[in-house]
Amino acid sequence: MHPDLVAKYRHQRVPRYTSYPASPHFAPSVTSETYRGWLRRLDTTSTLSLYLHVPFCRTMCWYCGCHTSVVRHEDPVWAYLAAMTTEMRTVAALLPQGEQGGPSVRHVHFGGGTPTLMPADAMRSLMAEMRTRFNIAPDAELAVEIDPRTLLPEMIQALGDTGFTRASLGVQSFDPAVQAAINRIQPPGLTRAAVQGLRGAGIQAINLDLIYGLPRQTVASCVDTVRQAVALSPDRLSIFGYAHMPGFKAHQARINEADLPDADARMAQNLAIEQTLLDEGYVRIGLDHFAKPDDPIALAAANGRLKRNFQGYTTDAADALLGFGASAIGRLPQGYVANVLPVPAYMKSVEDTGLAVARGYRMTLDDRMRAALIERLMCHFSVDLAELAAEHGLHPDSIMPEGPALSALLADGVAELHGHRISVPESARPLVRSVAALFDAHLDPEGGRHSKAI
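Residues numbered from 1 in each chain as written. Predicted model: local features only at pLDDT ≥ 70, side-chain atom pairs only at ≥ 80, totals over all residues. Heavy atoms only, no water.

Peer 1: Explanation requested: the overall build of the protein chain in the structure shown.
Peer 2: When helices and strands are counted, the protein chain shows 15 helices and 19 strands. Expressed as lengths along the three principal axes of its C-alpha atoms, the size of the protein chain is roughly 55 × 55 × 40 Å. A burial count over the protein chain gives 56% of its 454 residues as buried. Put simply, of all contacts in the protein chain between residues at least 6 apart along the chain, 73% involve residues at least 24 apart. When the accessible surface of the protein chain is split by element, carbon and sulfur atoms take 51% of a total near 18400 Å². For the protein chain, the separation between the mean place of its 42 positive charges and that of its 47 negative charges on side chains is 3 Å. (Helix = DSSP H or I, 4+ residues; strand = E, 2+ residues; numbered from the N terminus. Buried < 20%, exposed > 50% of the residue type's maximum accessible area, 1.4 Å probe, protein only. Contact = heavy atoms within 4.5 Å. Areas by Shrake-Rupley, 256 points an atom, 1.4 Å probe, with all protein chains shown as cover. Lys, Arg positive; Asp, Glu negative; His and termini not counted. Charge placed at Lys NZ, Arg CZ, Asp CG, Glu CD.)

Below, the structure written as structure tokens:
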């Protein structure tokens, strides 16, 4: 991408668009009672995804933007999992039931934090409870996020025994200098042993997560990390740009800002990672994922079926996503629900009412159209506005952006407009979020709550 574009857009802050509207626009008018009503109105033929948030780690990585906290022993984890089990029972009891059971669950994802920090017996119990309460499809994808530094052999065995099919391992960087700067010491041997152990337990689908833009990171160290990662033959890699926002995550203030690469260096790192992966035979998926050409997500991208949700790019096309745990977010046909964030408040709410919704968002027809539009842009870098408007019973002129923002993107070559089709050329794809923001009716450009465009 031309350096002038990097300079122009480097300070723009835009959502990652894993949802639309973004979560800062959720409001307390959506309550647990709202959620109960939405659950009851699901159909037995609906397909579901389940997301379980386990907000605990052994140590705090200073780059982390997740909702998590440090625990030193198992008691808080057991108490939290008991509350999450109660929440699952409450939700399951509200779902419609037919002759074949309730709605079919096609995807399950454990996120965190570090879900595999829980005792292996707890994982076995939680999975048994889930299979009892929900109609888990025989071919459902069961995925879990893993910190290799705390992964024990008994947990690997439990994951294999309970049917997990995919594991996402956090790597971020293999450079010791970078690891020291972000408080995450993780020798390559630990990651290699975790991958080998998981495959030995029957979990063949492996994802690795890498980050660029970290303190002390260089193009050379990024390329070296990618090469070490590729040597493990992962099916997918997620490549994220570090978002330094110490005003929202206080522990990020421990990172020395003087050690952070500037926008030009970040772009160079991103491009070097991308080219290395392409040279290794991986294909680009959307903005920040790469996969082997025969991986299901690569096939979905090629066939126009790629989706995007709170976990990033996915093959998950379920009708509803049900979130469990503190800060978990769910999506139903009517809108979004978000749980209470502090763990003690979440546990108290579940104890009192069985649910813990703190806020949410009720979708309008215009919201649904814009959500679909932004998802298509983020997944496929192109969308036919006339076709999309017709699908929602609207006129394309009602969604065509006007004014200097569109004109500037077109003049800069960040976007192209042919009739009613708007596209992002390959050279400008790192700025696809800036194009998506044209259609964001809720975006406050001065709010400062989102990560930088570059």
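Next comes the rest of the account.
Peer 1: What is the right way to look at the side chain of Ser 221 in this model?
Peer 2: The topology assignment puts Ser 221 in helix H8 (residues 219–230). Since its relative accessible area comes to 10%, Ser 221 is described here as buried. Of note is the side chain of Ser 221, whose polar atom sits 3.0 Å from the backbone nitrogen of Thr 218. (Polar contact = N/O pair within 3.5 Å; in protein donor to acceptor, adjacent residues only side chain to side chain.)

Peer 1: I would appreciate a short explanation of the pairing of strand S7 (residues 205–212) in the present structure.
Peer 2: Regular strands place side chains that alternate from one sheet face to the opposite one. In terms of residue burial, S7 counts as a mostly covered element, since eight of its eight residues are buried. Side chains Ala 205, Asn 207, Asp 209 and Ile 211 project from S7 onto one buried face, and the interleaved Ile 206, Leu 208, Leu 210 and Tyr 212 project onto a second face that is buried too. As judged from the six bridges shared by strand S6 (residues 166–172) and S7, these two strands associate in the parallel manner. Across the sheet, Leu 169 pairs through a bridge with Leu 208, a residue of S7. With six bridges joining them, S7 and strand S8 (residues 236–241) adopt parallel strand pairing. Each residue of the ladder has a partner; that of Leu 208, found in S8, is Leu 237. Handedness of the β-α-β unit built from S7, H8 and S8 comes out right-handed. (Pairing = 2+ DSSP bridges. Right-handed = clockwise from strand over helix to strand, strands pointing away.)

Peer 1: I keep staring at the layout of surface pockets and nothing clicks. Help me out?
Peer 2: Summary: where empty space remains is shown by rolling a probe the size of a single water molecule over the atoms. There is about 680 Å³ of room inside the second largest pocket. Lining the second largest pocket are 31 residues, and of these Lys 307, Arg 331, Ala 371, Ala 372 and Glu 375 sit closest to its centre. Of all the elements in the fold, those that place two or more residues in the lining of the second largest pocket are strand S11 (307–309), strand S14 (329–332), strand S15 (335–339) and helix H12 (365–380). The element contributing the most residues to the lining of the second largest pocket is H12, with eight residues. A class-by-class count of the residues in the lining of the second largest pocket yields 15 nonpolar, seven polar and nine charged. (1 Å grid on protein atoms, 1.4 Å probe; cavity = no way out; pocket = protein on both sides within 12 Å on 5 of 7 lines; lining within 4 Å. Points joined across faces, edges and corners; volume = space filled by probe spheres on them. Nonpolar A, V, L, I, M, F, W, Y, C, P; charged D, E, K, R; others polar.)

Peer 1: Explanation requested: the sheet that holds strand S19 (residues 421–423) in the structure shown.
Peer 2: The pairing of strands in a sheet happens through backbone hydrogen bonds and is either parallel or antiparallel. One open sheet accounts for three strands, arranged S17-S19-S18; its pairing is antiparallel. Two strands bound the open sheet, and with one partner strand each, they are strand S17 (382–384) and strand S18 (416–418). For this sheet the average axis-to-axis angle between neighbouring strands, irrespective of direction, equals 15°. Pairing of S17 with S19, which is carried by three bridges, proceeds in the antiparallel orientation. Looking at the pairing, Ser 382 lines up with Ser 423 of S19. Its contacts with the sheet place H12 against S17 and S19, and it is angled at close to 140° to S17. (Axes fitted to C-alpha atoms, helices over the stretch in contact; angles between N-to-C directions.)

Peer 1: Just checking my understanding: could you explain the environment of Ile 136 for this structure?
Peer 2: Mapped onto the elements of the fold, Ile 136 is located in strand S5 (residues 135–146). Between the C-alpha atoms of Ile 136 and Gly 160, which are 24 residues apart in sequence, the distance is 16 Å.

Peer 1: Whenever I open this one, the nonpolar core confuses me. Can you help?
Peer 2: Generally speaking, soluble globular proteins have nonpolar side chains that are buried together. Phe 110 and Phe 134 are the most contacted members of the largest nonpolar core, which totals 81 residues. Examining the composition of this core, we find that nine residues originate from one element, helix H3 (residues 75–94), more than from any other. If we ignore the near neighbours within four places in the chain, the residues touching Phe 134 are Leu 50, Met 88, Val 91, Ala 92, Leu 95, Val 105, Leu 322 and Phe 324. Ala 291, Ala 298, Met 400 and Phe 439 belong to the second largest nonpolar core, which has 46 residues in total. (Core = buried A, V, L, I, M, F, W, Y, C linked by side-chain atoms within 4.5 Å.)

Peer 1: Explain the environment of Ala 122 to me, please; I cannot follow it from the model alone.
Peer 2: With respect to the secondary-structure elements, Ala 122 resides in helix H4 (residues 120–133). Looking at Ala 122, the relative accessible area reads 4%, which means it is buried. Taking the C-alpha atoms as reference points, Ala 122 and Val 77, separated by 45 residues in sequence, lie 9.2 Å from one another. If sequence neighbours within four positions are ignored, Ala 122 has contacts with Trp 78 and Leu 81.

Peer 1: Where do I start with the pattern of salt bridges in this structure?
Peer 2: Close approach of charged atoms allows side chains of opposite charge to pair. Going through the model one piece at a time under the given rule, you end up with 19 salt bridges. For Asp 147, the salt bridge goes to Arg 149, with nearest N and O atoms at 2.7 Å. For Asp 147, a relative accessible area of 7% corresponds to the buried category. In this structure Arg 149 comes out as partly exposed when scored by relative accessible area, which is 23%. Put simply, Arg 284 and Glu 426 hold a salt bridge, and the shortest N to O gap is 3.1 Å. Here Arg 284 is found in strand S9 (residues 283–285), whereas its partner Glu 426 is found in the loop between S19 and helix H15 (432–436), with 142 residues between them in sequence. A cluster of three or more residues bridged by salt bridges with shared partners is formed by Glu 141, Arg 166, Arg 236 and Asp 295. (Salt bridge = Lys/Arg side-chain N within 4 Å of Asp/Glu carboxyl O.)

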